[in-house]
Amino acid sequence: MEEGARSCLLQSRSILEQDIKASYLMDHMIADGVLTRDEEARIRNQAVALLEVLLRKDNQAYISFYNALVCESYGDLANLLHKSLPLVSPEAEKSFSDGGTPYVQTVLSQGGVPQRPVVFVSRTALLNRLREKLYRLQKEPGWVTVFGMAGSGKSILAAEAVRDHTLITECFPGGVHWMSIGQLDRSDLLARIQTLCFRLEQQSQEQDPSLSLHRLPTSLDEAKERLRFLVHHRYPRSLLILDDIWDCSVLKAFDIQCRVLLTTRDRSLADSVTGSKYEVAVDSGLEENQALEILGLYVNGRKPEKLPEQARSIVRECKGSPLVVSLIGALLRDFPDRWSYYLQKLKQKQFKRIRKSSSYDYDALDQAMSASIQVLPEEHRELYKDLTVLEKDVKVPAKVLAVLWDLEPEEVEDVLQDFVNKSLMYRDCHQRPYLYYLHDLQLDFLAEMNRSCLEDLHTKVVCQYQKHYSQGPPTSGDQECLYWFRFLPYHMVKANLTQELYSLMFSLDWVVTKAKIMGPAHLINDYVAYGAVLDKEVRAHFQEFLSQNGHQLEQRPFPDVVQLALSQPDSSEVYRQALQQAQKRAAMGGLYLDWVNKSSLESLSRLVVQPHLGSVYSACFSHDGSKIASGGSSKTLRVFNSISGEKLREIEAHEDEVLCCAFSPDDRLIATCSSDRKVKVWNSITGAATRVFQVEHEEQINHCQFTNTQRRLLLATCSNDNLMNTKLWNLNKPSSQNTMFGHMEPVNHCCFSPDDTYLSTSSCDGTMKVGGALKSVHICVCVFFFLQCLEDSEQGGVVVKCSTWSSDGRRVICASRNAVFLWDIVSNKKMADCSGHLSWVHGVQFSPDGSLLLSCSDDQTIRVWETKKVHTTSAVSMKRDSAALFNNGDITVVAADNRNRLQVRNGRTGAVMFQSEEQESRIRCTAICSQTVATGQEDGTVQVRHTRTVLHCQFTPDGQTLISSSEDGTIRVWRWRTGECVVLQGHKEQVRRFSLLTTSPSDTHLLSWSFDGTVKVWVMSSGELLQSIVCHQGAVLACDISPDGQLFATTSADKTAKVWSSASWEVVRLLNGHQDCVRSCRFSWDGRCLATGDDNGEIRLWNIMDGTLLKICSRDNKDAMDSLHGGWVTDLHFSPDNTVLLSTGGYIKWWNVEKGEALQTFYPTGANLKRIHVSPDFSTFVTIDNIGILYILKKVE
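Cut-offs applied
- Residues numbered from 1 in each chain as written.
- Predicted model: local features only at pLDDT ≥ 70, side-chain atom pairs only at ≥ 80, totals over all residues.
- Heavy atoms only, no water.
- Helix = DSSP H or I, 4+ residues; strand = E, 2+ residues; numbered from the N terminus.
- Rg over C-alpha atoms; globule rule 2.2 N^0.38 Å.
- Contact = heavy atoms within 4.5 Å.
- Lys, Arg positive; Asp, Glu negative; His and termini not counted.
- Charge placed at Lys NZ, Arg CZ, Asp CG, Glu CD.
- Buried < 20%, exposed > 50% of the residue type's maximum accessible area, 1.4 Å probe, protein only.
- Polar contact = N/O pair within 3.5 Å; in protein donor to acceptor, adjacent residues only side chain to side chain.
- Pairing = 2+ DSSP bridges.
- Axes fitted to C-alpha atoms, helices over the stretch in contact; angles between N-to-C directions.
- Core = buried A, V, L, I, M, F, W, Y, C linked by side-chain atoms within 4.5 Å.
- UniProt positions renumbered as here; feature names shortened; annotations may be inferred.
- pLDDT = per-residue confidence, 0-100.
- Patch = residues over 30% accessible without salt bridge, like charges linked within 9 Å, V, L, I, M, F, W, Y side chains within 5 Å.
- Areas by Shrake-Rupley, 256 points an atom, 1.4 Å probe, with all protein chains shown as cover.
- Salt bridge = Lys/Arg side-chain N within 4 Å of Asp/Glu carboxyl O.
- Disulfide = S-S within 2.5 Å.
- Nonpolar A, V, L, I, M, F, W, Y, C, P; charged D, E, K, R; others polar.
- Phe/Tyr/Trp six-rings, centres within 6.5 Å; stacked < 30°, edge-to-face > 60°.
- Lys NZ or Arg CZ within 6 Å of the ring centre and 35° of its normal.
- Expected span 1.5 Å × (residues − 1).
- Bend = angle between axes of the 7 residues up to and from the residue.

## Let's talk about the overall build of the protein chain
Part 1 of the argument: Each helix and strand counted, the protein chain has 30 helices and 64 strands in total.
Part 2 of the argument: For the protein chain, the C-alpha radius of gyration of 41 Å lies well beyond 33 Å, the compact-globule estimate for 1197 residues.
Part 3 of the argument: For the protein chain, the spread of C-alpha atoms along the three principal axes comes to 140 × 75 × 50 Å.
Part 4 of the argument: Contacts in the protein chain between residues far apart in sequence, at least 24 positions, make up 52% of those at least 6 positions apart.
Part 5 of the argument: Looking at the protein chain, you have 129 positive and 145 negative side-chain charges, and the mean spots of the two groups are 2 Å apart.

Set out below in structure tokens:
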């Protein structure tokens, strides 16, 4: 140490020992690297010991001690040492621990700029932004405003920004001068400026002894002029740093055309001064790694990864607030075992327990927050108090607060601008309109400060909403509307308004409006979140309805929710409200259908979601069971909530179909593999790709699976490659770690043993191989022969697409086509049939605890089932080839069931009236008349015999004659009482249907059509062939006869429809326009209109008189399956008054004939409806879907 500096220390020693607090100063000196931790321990916060150590140090220690005195507000003591500060050459090259040269150290020390804190982590991006603004002051005076909320690190950032040799020499050669301002009155401000002027004059005199000191200015105006003179004449191109400015009147005292850097919570302060202005917003929180680094430095320099888990929780809880992290870190330095204690206090918002251990202006966090609020006008403080009710991480538009405060939106925006300017609120400028939000710490402080009136504040929100929206909820779909739909129930719960909550949540109107705007997942979340305060039974009704119909509620155009709700059990509150609304709307001309026999069925799906536009090839539970990941033909990976179906993350994952996805053991990662031959690993929280492996597979990758534990995390993949089709990947390496081979055919599945020692692979070659997971060690080969345990009466066999075990090894799920089966291995019994999918099921999986199982399918849905609730279906499924008899209000339905028994059911209740024994040959068609039922079977029998499958049978109106058609190309007409039979031969291919053509009261002709493209007309009594007409170039798919018998229409696979004369047997109209096979047709009852439907779901209405097109139904209503009707249009019926058209396909629709617009849609559980039976009065409808469910629908009156 220079002798002059040492002498000055000795002369001032007694004063220093009496006044200083060593612990505050040592923090700075340790940060500067002039004191060690061992020396700190020896000093033990004693001023005498500190000075003893200091006297043995060098010049840098003296400068550091001086800076510490300035930083800790020992200005009078710093002045004692100022004259002896060691001189440092600007050209010095040596750098110190804070990154500045000795010249920078001297300049900043002379200007009173605080040293770095004891623990410091650089915020490089923010620092560079600030320095870029400061460089703009190089050529002209101006203002740089650094603004942010309390404790965001503004002062530290300002001090760090000028700790740069190039910046000072190029932009501020006149020096850098620091002034701590705070909340001052005029007299205090005058004193601060007097001190600054004195310091500047003193430094100027030391450089030029000929200059004399002036008397201190006695007024603010005089002080302002003195400062102007000093800055312009003695310290040109210097930088004045004003720290912690609160009032624009204070700032005006420094409006002297100089270069100013100011820190503030109020960004608008610079609007009151003249000159160029620049802004730098300080983020309210550090990044997680930066915050953890600070905590680690406080606790003996531990690395972030060595910190306890509570460290991350503390950072997340305070959102990385620099102030809170530093306060807690300083406390932990003295009490390193109190991680849980301080985390608990932070969560409990007990800010008074998190007190300072440094020289921050406020003793605790709550005081810093309170100071910001106290500067608001009284009326604004009350408005700010209302913000206590906001949820964390929620941004609100000004319109919401306009409702809450009962002010005009423009007035609200002015108030919010004031809050934003004072860093009491943040504004998201990326949204239009702007959205506003509070930092978590601000909300925590408000909640603590207003704890006693929280209920009243939430009540105010609800009351203001009810006042503003007394006529019904908002439906605009904008941000304000979304806020009320998301948080109105939350405010009611917090306000303890139980009755209002019941009225809202158990209202079908609320469900309809919210589901239409936000989708069903948010509603399900509400019922789960507020389940404790809602009626358990009624809540279950609404939650079950939304879970089972969520995939329908995601469709656009939005379905009629009242109609969907009419399919709920009669005991459900949802059904009761829907029926009331349906009855009211029916009275005004609306059309609604009640599913009258639904009581015999039970819906077993807990949740149905439609995550992708396209087939879903893979779905899996996370290991905690809270999430499901899925992938499919859409090339995306989607993660959603397993309870509500809410989308949590969607990732554009691959360039081709995603064939498999899998969670890592800790659920932080998701692996995907694809037809594009790539394997990728994703962060499940952020959606970022963490690893894209090199392309090593030559064919599509069918499956991927992580090890079961984190001990050594590996990923296995298997593919369609030849021989070398299984690989192991280490996530830390870009290429595979190991390749396993042996299978000669594609490998479809791979999995690790529970202890990760072995890897098993299963292949199309009929073998499963087991090998060492860490070494290419061949263990064994197993060839499996499976017993056929599933029966399928339609095809005589079954393909098991996928299967999996439960974790306890007692149960197996397997899927065949669109059905899912649950088997108990111990008892070898089938426990459940899970019906509901409409197409092939590609994957099944149990949840980790076995309580749920999921399945994914080509029908674009994922279904989640509760294991304890599924069972073997009590209502035996029926085949779609059915017949129905409507007689004086009674309905009788006849069809075969899935055990090939003939069932006759009561159409009112669905009850079985008759059931035959199991038939040897499959029943393919049925017919009924009064007291008689007929069946056509696959072996060709209808009591008389065809040589091949019977496709259709039908009684004549008098019930005396039964007619049947077959794959053998013949039609048989027989009097079933006597056994007389007439065989009609002539068609070259199968005859799927026929119709009766009555030409006179005494004679009936038979019209038949076939895949051979012809229509033939027969004399039914004799079997004589009257006409054979080659109608189309393709198969004739449908035919209908006009009510007067004068015309008949045919439709074909050649995409055309034709109208023929029954008199001349010539074509009258050729109807072109369909883009797909024309599958069905029907004349209106007045014979003026013909409806045709094709395989793309399009329905066309034609004018028979001139063949012109009247209307096209469904043109703009494609569904998720890329169809206009959920599939082929298979059947059509007009109402007796010809105003309504009924159609079937994937679902059932009713149309306004005049407008061509849909009146109503009924969505069955299954799909692919073949035909529908309609009562004469058009009030009752009977059909069966492809999973065997009988629907008897009755118009609601």
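Next comes the rest of the description.
## Let's talk about the side chain of H1074
Part 1 of the argument: Inspection of the secondary structure puts H1074 in the loop between β53 (1067-1071) and β54 (1078-1083).
Part 2 of the argument: Here H1074 falls in the buried class, since its relative accessible area comes to 4%.
Part 3 of the argument: A polar atom in the side chain of H1074 sits 2.9 Å from the side chain of D1094.
Part 4 of the argument: Other than its neighbours up to four places away in sequence, H1074 contacts K1055, T1092, G1093, D1094, E1098, R1100 and W1102.

## Some thoughts on the sheet that holds strand β37 (residues 912-915)
Part 1 of the argument: Pairing is antiparallel across the open sheet formed by 4 strands, whose spatial order is β34-β35-β36-β37. Both outer strands of the open sheet, β34 (883-887) and β37, are each paired with one neighbouring strand and no more. Neighbouring strand axes in the sheet, compared pairwise and without regard to direction, differ in orientation by 15° on average.
Part 2 of the argument: Note that strand β35 (residues 890-896) and strand β36 (residues 902-906) share 5 bridges and pair antiparallel. Within β36, the position partnered with T892 by the bridge is N906.

## Some words on the nonpolar core
Part 1 of the argument: Core analysis: the biggest nonpolar cluster contains 115 residues, and Y384, L387, W405, L416, F419, W484 and Y527 have the highest contact counts within it.
Part 2 of the argument: If you tally residues by element for this core, the top one is helix α24 (residues 479-494), at 8 residues.
Part 3 of the argument: Not counting residues up to four positions away in its chain, the partners in contact with Y527 are M505, F506, V511, L534, R539, F542, Q543 and L546.
Part 4 of the argument: Formed by 33 residues, the second largest nonpolar core is a distinct cluster that contains L25, V70, Y74 and L81.

## A short note on unusual backbone geometry
Residues other than glycine predominantly adopt negative phi, and peptide bonds predominantly adopt the trans conformation.
Part 1 of the argument: Not every positive phi belongs to a glycine, and N496 is a case in point at roughly 60°.
Part 2 of the argument: In this fold, N496 is placed in the loop between α24 and α25 (498-505).
Part 3 of the argument: Unusually for a residue other than glycine, R677 sits at a positive phi of about 75°.
Part 4 of the argument: The residue R677 is located in the loop between β16 (669-674) and β17 (679-683) in this model.
Part 5 of the argument: On the accessibility criterion, R677 (35% relative accessible area) is partly exposed.

## A closer look at the UniProt feature "repeat: WD" (unreviewed entry) in the protein chain
Part 1 of the argument: Feature annotation in UniProt places "repeat: WD" (unreviewed entry) on residues 609-650, 651-692, 740-770, 834-875, 943-984, 984-1028, 1029-1070 and 1071-1112, given in this structure's numbering.
Part 2 of the argument: Along residues 1029-1070, the helical share is 0% and the strand share 55%, with 15 Å between the first and last C-alpha atoms.
Part 3 of the argument: With 0% helix and 52% strand, the stretch residues 1071-1112 has end C-alpha atoms that lie 13 Å from each other.

## Re the confidence of the model for the protein chain
Part 1 of the argument: The share of residues in the protein chain with pLDDT of 70 or more is 91%, and the mean pLDDT across the chain is 84.
Part 2 of the argument: In this model, residues 356-360 is a region of pLDDT below 50 whose contacts with residues beyond four sequence positions or in other chains number 14 contacts.
Part 3 of the argument: In the model, residues 775-797 has pLDDT below 50 throughout and makes 43 contacts with residues more than four positions away in sequence or in other chains.

## Here we look at a nonpolar patch on the surface
Part 1 of the argument: Together, L723, M724, F741 and M744 give the surface a local cluster of nonpolar side chains, amounting to about 450 Å² of exposed area.
Part 2 of the argument: Within the secondary structure, M724 is located in the loop between β20 (714-719) and β21 (726-730).
Part 3 of the argument: A residue is classified by how much of its surface remains accessible, and M724, at 47% relative accessible area, is partly exposed.

## Quick notes on the sheet that holds strand β12 (residues 627-632)
Part 1 of the argument: Here 4 strands make up an open sheet; going across it, the order is β11-β12-β13-β14 and the pairing antiparallel. Single-partner strands in this sheet number two, and they are β11 (616-621) and β14 (647-652). Averaged over all pairs of adjacent strands, the angle between their axes in this sheet comes to 15°, without regard to strand direction.
Part 2 of the argument: Note that β11 and β12 share 5 bridges and pair antiparallel. Bridge assignment links A619 to a residue of β12, and that residue is S630.

## Focus: the state of the cysteines
Part 1 of the argument: Enumeration according to the criterion identifies 0 disulfides in this entry.
Part 2 of the argument: The thiol of C197 is not disulfide-bonded; the next cysteine sulfur, from C258, is found 11 Å away.

## Quick word on the pattern of salt bridges
Proximity of charged atoms lets side chains of opposite charge pair with each other.
Part 1 of the argument: A complete count under the given rule lists 37 salt bridges for this structure.
Part 2 of the argument: With a closest N to O distance of 3.0 Å, E17 and R13 form a salt bridge. Residue E17 and its partner R13 are located together in helix α1 (residues 3-19), separated by 4 residues, close to a single helical turn.
Part 3 of the argument: The residue D393 makes a salt bridge to K319 at a minimum N-O spacing of 2.4 Å. Remark: K319 occurs in the loop between α15 (309-317) and α16 (322-334) and D393 occurs in the loop between α19 (378-386) and β6 (396-397); sequence separation between them is 74 residues.
Part 4 of the argument: Using a relative accessible area of 32% as the deciding quantity, one classes K319 as partly exposed.

## Digging into the packing of helix α20 (residues 398-405) against α24
Part 1 of the argument: Direction vectors running N to C along α20 and α24 enclose 60°, while the axes themselves pass 7 Å from each other. Between α20, through K399, V400 and V403, and α24, the contact on the second element is made entirely by E480, Y483 and W484.
Part 2 of the argument: Of the residues that constitute the contact of α20 with α24, the class distribution is 4 nonpolar, no polar and 2 charged.

## Observations regarding the packing of aromatic side chains
Centre-to-centre distance and the angle between the planes together describe a pair of aromatic rings.
Part 1 of the argument: One pass over the full model with this rule turns up 21 aromatic pairs.
Part 2 of the argument: Between Y483 and W484, the ring centres sit 5.5 Å apart and the planes meet at 80°, which makes this aromatic pair edge-to-face.
Part 3 of the argument: Under the relative-accessibility criterion, Y483 is labelled buried at 5%.
Part 4 of the argument: Considering the side-chain rings of W595 and Y1191, the 4.7 Å spacing of their centres and the 35° angle between planes classify their relative orientation as tilted. Of the two residues, W595 sits in strand β9 (residues 593-595) while Y1191 sits in strand β64 (residues 1190-1195), which places them 596 residues apart along the sequence.
Part 5 of the argument: Among the residues examined, W595 registers a relative accessible area of 7% and is labelled buried.
Part 6 of the argument: Over the ring of F335 we find R338; its NZ or CZ atom is 3.8 Å from the centre of that ring.
Part 7 of the argument: Above the ring of W1128, the side-chain terminus of R1079 is found at 3.8 Å from the ring centroid.

## Some remarks on a negative patch on the surface
Part 1 of the argument: Judged by side-chain charge, E408, E410, E411, E413 and D414 come together as a negatively charged surface patch.
Part 2 of the argument: Looking at the element boundaries, E408 is found in the loop between α20 and α21 (409-421).

## Regarding the side chain of T1050
Part 1 of the argument: Along the polypeptide, T1050 turns up in strand β51 (residues 1047-1052).
Part 2 of the argument: Judged by relative accessible area, T1050 falls into the buried class, the value being 0%.
Part 3 of the argument: Reaching out from T1050, the side chain makes a polar contact with the side chain of W1060 at a distance of 3.0 Å.
Part 4 of the argument: Those residues within four positions of T1050 in sequence are excluded, and the remaining contacts are V1015, C1031, H1032, V1036, A1038, C1039, T1056, A1057, K1058 and W1060.

## Description of the environment of D266
Part 1 of the argument: Examined against the element boundaries, D266 turns out to sit in the loop between β4 (259-264) and β5 (276-281).
Part 2 of the argument: Spatially, the C-alpha atoms of D266 and V609 are 48 Å apart, while their sequence positions differ by 343 residues.
Part 3 of the argument: For D266, the residues in contact, after removing those within four places along its chain, are N421, K422 and S423.

## A word on α1
Side chains that are three or four residues apart share a direction in an α-helix, a result of its 3.6 residues per turn.
Part 1 of the argument: For α1, spanning 17 residues, the distance from its first C-alpha to its last is 24 Å, which sits close to the expected 24 Å at 1.5 Å a residue.
Part 2 of the argument: If you look at α1, its biggest bend is around 60°, right at R13.
Part 3 of the argument: Buried residues of α1: A5, C8, L9, S12, R13 and L16, and no others.

## Things to note about the pairing of strand β43 (residues 961-966)
Part 1 of the argument: The buried count for β43 comes to 6 of 6 residues, which makes it a mostly enclosed element.
Part 2 of the argument: Along β43, one buried face is formed by T961, I963 and S965 and the opposite face, lined by L962, S964 and S966, is buried too.
Part 3 of the argument: Linking strand β42 (residues 950-955) back to β43 in an antiparallel pair, the connection comprises 5 residues, with G959 at a positive phi of about 75°.
Part 4 of the argument: Linkage of β43 to strand β44 (residues 971-975), two consecutive antiparallel strands, is achieved through a turn of 4 residues, within which G969 is found at a positive phi near 85°.

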